[in-house]
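Summary of the model geometry
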Amino acid sequence: MSRQMKFFTLDDTKILSTSFWKCFVASSFPTAMDEKTDSSLVELIEENGLADFEWWNDFTGYYDGVFDEADGCVDEPAALICRLSAEHMLKVEFHPGDIIYYVNDKQIACTGPDYRIHIFPFSDLLNYAGSAADKPLFLILLPLAVIGQREADIAVKVIADALEGIFGEQVCGQVAGSIVYGLMEE
């Protein structure tokens, strides 16, 4: 199944419903887990009815058979384009079964079944996109961070703060803790 690739920018994500961010968080952290409930992050989000996965399926171009026919990838995915610097352009493709990151058209990471994350330290992410104005960029790049043991407590707080407008206050800490668990340095 093919469709026209749709591109958007970080400015566009501000006008998307919180459905984008909830589903992005549910789909972007393959190793995230809530230690208390022993649930994956996606299970935690599904069980609490926190995301509209029908919306995500439409956004990513899901169709019956996409995993059998194309390993969860579509020919023309939705894609975010963002200039990171004068020399570096980020493209993030959103497929039904994967989120693939490119810098200058070279794949650097993915979150699907053969995930490749832990690209740079959490402290570098904070230095690059740690301000409130950079919250969308922070969230888009967060799945690529690796968190050291000494950063874990501050990471939970920073991530919970970034998620506060997306998820209710009651679950922000639990979602943030699950993300930190999944991004911890091994």
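Criteria and cut-off values
Residues numbered from 1 in each chain as written. Predicted model: local features only at pLDDT ≥ 70, side-chain atom pairs only at ≥ 80, totals over all residues. Heavy atoms only, no water. Salt bridge = Lys/Arg side-chain N within 4 Å of Asp/Glu carboxyl O. Helix = DSSP H or I, 4+ residues; strand = E, 2+ residues; numbered from the N terminus. Buried < 20%, exposed > 50% of the residue type's maximum accessible area, 1.4 Å probe, protein only. Pairing = 2+ DSSP bridges. Contact = heavy atoms within 4.5 Å. Axes fitted to C-alpha atoms, helices over the stretch in contact; angles between N-to-C directions.

1. Some words on the pattern of salt bridges
Pairing between side chains of opposite charge can happen when their charged atoms approach one another. The final tally for this structure, using the stated rule, is 2 salt bridges. With its nearest N and O atoms 2.9 Å apart, the salt bridge here joins Asp 161 to Lys 157. Remark: Lys 157 and Asp 161 occur in helix 8 (residues 152–163); sequence separation between them is 4 residues, near one turn of the helix. Residue class for Lys 157 comes out partly exposed when judged on its relative accessible area of 49%.

2. Side note on unusual backbone geometry
Of note in the backbone geometry, Asn 104 takes a positive phi value of approximately 50 degrees without being a glycine. What makes Asn 104 partly exposed here is its relative accessible area of 40%. Residues other than glycine seldom take positive phi values, yet Asp 105 does so here, at roughly 65 degrees. Among the structural elements, Asp 105 can be located in the loop between strand 6 (98–103) and strand 7 (106–110). We classify Asp 105 as exposed; its relative accessible area is 67%.

3. Brief notes about the sheet that holds strand 1 (residues 7–8)
Spatially, the 5 strands line up as an open sheet ordered 1-4-5-6-7, and their pairing is mixed. In this open sheet, the two edge strands, each paired with only one partner strand, are strand 1 and strand 7. For strand 1 and strand 4 (residues 78–83), the ladder comprises 2 bridges, and the chain directions are parallel. Bridge assignment links Phe 8 to a residue of strand 4, and that residue is Leu 80. Relative to the sheet, helix 2 (residues 18–28) contacts strand 1, strand 5 (89–95) and strand 6, its axis offset from that of strand 6 by approximately 90 degrees. Together, strand 1, strand 4, strand 5 and strand 6 form the strand contacts of helix 4 (residues 53–60), whose direction differs from that of strand 5 by roughly 120 degrees.

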